[in-house]
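Here's the letter readout for the chains.
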Amino acid sequence: MSTDILLDVQNVTRRFGGLVANSDVSVEVRRGEILGLIGPNGAGKSTLFNLIAGAFPPNEGSIRFEGQDIARLSGPARCRLGIARTFQVPRSFDSMSVLDNVMVGAFAKEPGSAAARRVAYETLAFCGLQQRAPAPAGELTPPEKRRLEVARALATKPKLLLLDEVMTGLTPSEARLGVELVRKVRDQGVTVVMVEHVMEIVMPLVDRAVVLNLGKVLAEGKPRDVVRDDAVITAYLGERHRAA
Amino acid sequence: MTDEALNLPPAFGMLPRRRNQLLVAAAVFAAIAVSPFAIKDVYLQNVLVLTLLYAAVSQSWNILGGYCGQISLGHALYFGIGAYATSVLFVTYGIVPWGGMLVGGILSAAIALLLGYPCFRLKGHYFSIATIVIAEIGLLLVHNWDFVGGALGIQWPFGSDSWATLQFARDKVPYIHLALALLAITWFVTFLIEGSRWGYWWRAVKDNPEAAESLGVEIFHSKMAAAAVSAFFTAIGGAFYASFLAYIDPESVMSFRFSLLFALPAVLGGIGTLWGPVVGAAILIPLTEITRSYLGGSGSGIDLIIYGGLIMLVALAKPEGILSLFQGKRQKAEGRS
Ligand SMILES: Nc1ncnc2c1ncn2[C@@H]1O[C@H](COP(=O)(O)OP(=O)(O)OP(=O)(O)O)[C@@H](O)[C@H]1O
Ligand SMILES: [Mg+2]
């Protein structure tokens, strides 16, 4: 069974000064699944992504990817191992074209420009952005920028893709296309972990869900069971429902 | 999916845009190569040599500053290393300037790596300030270093005109061709880099280092590589300048003024572009030479005021440089297609 575990996060803690953004977090990601990571604002979801992708190291705990301890590896090294991520606030290379943005991702595995360009075009087409290939990245609309984030990450040919709120701010029809895209990505054999706020989108899409609250794992399991969990309802859904 | 559905360009060899760049470069450089037939005036030839030299060195500066986004205001140091290595090797040891050029270039690249190690941990303005300080320290050291002539500098011996010693006292045309060759080489190297993985990595580092890291780009290595290439070609420029003047002293190759004059053409013409430094130098250097001959000498500081004014103008009107006036339209047209 352990060979099924692609990513194994064990007892990870990350502090920012006095604030504990991730506290003793343990999460296992199975190969081939779509895992939903949910939780209220400030729960520590993006922090966990940063720890997995290597933006900064954890204060405590271990992170294993395909059995290898990666907790001390740099971000670029983890990218080469097959971990890719998008940013909650899109970070495009605005002086470059959309195609060039994706080529930067493709260069992670393809040293040659012609091959990287081919990969980049294919990835853009896969993400439905090929029409925008020559446009300056800075001119994309916000939904297009999110797609670019996904395309750029996919161009690195990852085994694990971390999607941080890629559906935020999309219209319902755009979100449907987004859901379709995530399914297509998984069908290509890429394991997906996605942070999402909109329950109606995540719950039907994911195989499993992990709920974070105040830096701690609150619940984990089938989406159906997670949304019925009392602790989750009070911490997250209840709060949201009250707010709504 | 077919290639057409993927919206692939017809050929996967060289992109049409890049092929056109090469053709334009060939035409421009060929025109400059034959220009001495039309430009006979020694003063104008002199201005042309300097324009080509600054275009080349600014292109070298652009590799680190424009593509990789690390704004150095201390490139006079590398220029000086090239000039001094060449002069010392030639005057003291009789090694032809061609050898000095190479030694100076390699020495500069090595020093750039050594300095980059601490400096690239600094961000933005702090990095730029560090480069100024280091270059000024270098200037001071040379001033007080008798082996390289101290404050007096180094006078190259008079000899007959020769391609071996790069001395041409009577006819300045060979210098035009030398400077042109230097520009063509730095331009072509930049062209190659721009189309390669390094070029993409460097621009990614400049635009958004966090995103670049997440895509497998080693930020520190990228900056180091850019600095080494940039310093190498800047030193070659310094070597050429020393042979052109046939006399150097610390101020005449290493003063802060040079650091500005290497950065400005790129900033003025279009930072991080292939033609920005060339266009910028073509405007700035003749202007500098004119004010110099009207106002006399470079000590007055008037030229520095003019540079400052130009920079403010560019920053206010067109931060991407003069070239963007033309490129803006074209890119938009491409984006719509
Ligand atoms: N780089 C940082 N420096 C300091 N504090 C940080 C940093 N990153 C996150 N935090 C803090 O850690 C906590 C968790 O933040 P995080 O971004 O991980 O939450 P999140 O679950 O992604 O929230 P959201 O849904 O709003 O995106 C927050 O209180 C945040 O202010
Ligand atoms: Mg977040």
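Calculation notes
Residues numbered from 1 in each chain as written. Chains lettered and ligands numbered in written order. Predicted model: local features only at pLDDT ≥ 70, side-chain atom pairs only at ≥ 80, totals over all residues. Heavy atoms only, no water. Helix = DSSP H or I, 4+ residues; strand = E, 2+ residues; numbered from the N terminus. Rg over C-alpha atoms; globule rule 2.2 N^0.38 Å. Buried < 20%, exposed > 50% of the residue type's maximum accessible area, 1.4 Å probe, protein only. Contact = heavy atoms within 4.5 Å. Lys, Arg positive; Asp, Glu negative; His and termini not counted. Charge placed at Lys NZ, Arg CZ, Asp CG, Glu CD. Phe/Tyr/Trp six-rings, centres within 6.5 Å; stacked < 30°, edge-to-face > 60°. Donors = N, O, S within 2.8 Å, 3.2 Å for Na, K, Ca; no water. pLDDT = per-residue confidence, 0-100. Axes fitted to C-alpha atoms, helices over the stretch in contact; angles between N-to-C directions. Left-handed = near helix turned anticlockwise from the far one by under 90°. Nonpolar A, V, L, I, M, F, W, Y, C, P; charged D, E, K, R; others polar. Pairing = 2+ DSSP bridges. Domains from an automatic or database assignment. Buried area = accessible area lost by both parts, 1.4 Å probe.

A look at the overall build of chain B
And then number 1: Across its full length, chain B carries 14 helices and 2 strands.
And then number 2: Relative to its length of 337 residues, chain B is compact, with a C-alpha radius of gyration of 20 Å against a globular reference of 20 Å.
And then number 3: Principal axes of the C-alpha set define a box for chain B whose edges measure 70 × 50 × 40 Å.
And then number 4: When each of the 337 residues of chain B is scored for burial, the buried share is 53%.
And then number 5: For chain B, contacts bridging at least 24 residues in sequence account for 77% of all contacts bridging at least 6.
And then number 6: Averaging the coordinates of the 19 positive side-chain charges in chain B and doing the same for the 18 negative ones gives two points 7 Å apart.

Observations regarding the packing of aromatic side chains
Residue and element names in this part refer to chain B.
And then number 1: This structure, assessed with the given rule, holds 25 aromatic pairs over all chains.
And then number 2: Ring geometry for Tyr 175 against Phe 240: centres 6.0 Å apart, planes inclined by 80°, an arrangement best described as edge-to-face. Taken together, the residues span a long stretch of sequence, with Tyr 175 in helix H6 (residues 173-194) and Phe 240 in helix H9 (residues 219-245) at a distance of 65 residues. There is no split in this pair, since Tyr 175 and Phe 240 are both buried.
And then number 3: Judged by centre distance (5.1 Å) and plane angle (85°), the rings of Phe 232 and Phe 233 are edge-to-face.

Here we look at the coordination of the magnesium ion (ligand 2)
Residues and elements named next belong to chain A.
And then number 1: In this structure, Ser 46 (OG) and Gln 88 (OE1) serve as the protein donors to the magnesium ion (ligand 2), at separations of 2.0 to 2.1 Å. You can see Ser 46 sitting in helix H1 (residues 45-53) and its partner Gln 88 sitting in the loop between strand S6 (83-85) and helix H3 (98-106), a full 42 residues away along the chain.
And then number 2: With a relative accessible area of 23%, Ser 46 lands in the partly exposed category.

Here we look at the confidence of the model for chain A
And then number 1: Taken as a whole, chain A shows an average pLDDT of 92; of its residues, 95% reach a score of 70 or greater.
And then number 2: Element-level mean pLDDT values for chain A span from 64 in helix H9 (residues 230-243) of chain A up to 98 in S6 of chain A.

Quick notes on the packing of helix H4 (residues 97-119) of chain B against H9 of chain B
Residues and elements named next belong to chain B.
And then number 1: Across the interface, H4 lies against H9 with an axial gap of 7 Å and an inter-helix angle of 145°. In this structure, H4 meets H9 at a crossing whose hand is right-handed. Of H9, the residues touching H4 (which contributes Met 101, Leu 102, Gly 104, Gly 105, Ile 106, Ser 108, Ala 109, Ala 112, Leu 113, Gly 116 and Tyr 117) are Phe 220, Met 224, Ala 227, Ala 228, Ala 231, Phe 232, Ala 235, Ile 236, Ala 239 and Phe 240.
And then number 2: Considered class by class, the residues forming the contact of H4 with H9 number 17 nonpolar, 4 polar and no charged.

What to know about the sheet that holds strand S7 (residues 160-164) of chain A
Through backbone hydrogen bonds, the strands of a sheet pair up, either in parallel or in antiparallel fashion.
All names here are of chain A.
And then number 1: The 6 strands lie next to each other as S6-S7-S8-S3-S9-S10, forming an open sheet whose pairing is mixed. Lying at the two open borders of the sheet, with one neighbouring strand each, are S6 and strand S10 (216-221). With strand direction ignored, the average angle separating the axes of adjacent strands in the sheet is 20°.
And then number 2: Packed on one face of the sheet, H1 meets strand S3 (34-38), S6, S7, strand S8 (191-195) and strand S9 (208-213) and runs near 150° to S7.

Looking at the pairing of S7 of chain A
Residues and elements named next belong to chain A.
And then number 1: With respect to burial, S7 is a largely interior element, 5 of its 5 residues being buried.
And then number 2: Going residue by residue along S7, you find Leu 160, Leu 162 and Asp 164 tucked away on one face and Leu 161 and Leu 163 tucked away on the opposite face as well.
And then number 3: Across 3 bridges, S6 lies against S7 in parallel orientation. Bridging across to S7, Arg 85 finds its partner in Leu 162.
And then number 4: For S7 and S8, the ladder comprises 5 bridges, and the chain directions are parallel.

Section: the domain arrangement of chain A
Residues and elements named next belong to chain A.
And then number 1: Each assigned domain of chain A is listed here: domain 1 (5-82 + 159-243) and domain 2 (91-157).
And then number 2: Inter-centroid distance (C-alpha atoms) of domain 1 to domain 2 is 24 Å.
And then number 3: Contact residues are listed per partner, giving 17 residues for domain 1 and 12 residues for domain 2.
And then number 4: The junction of domain 1 with domain 2 conceals about 1200 Å² of combined surface from both sides, 70% of it contributed by carbon and sulfur atoms.

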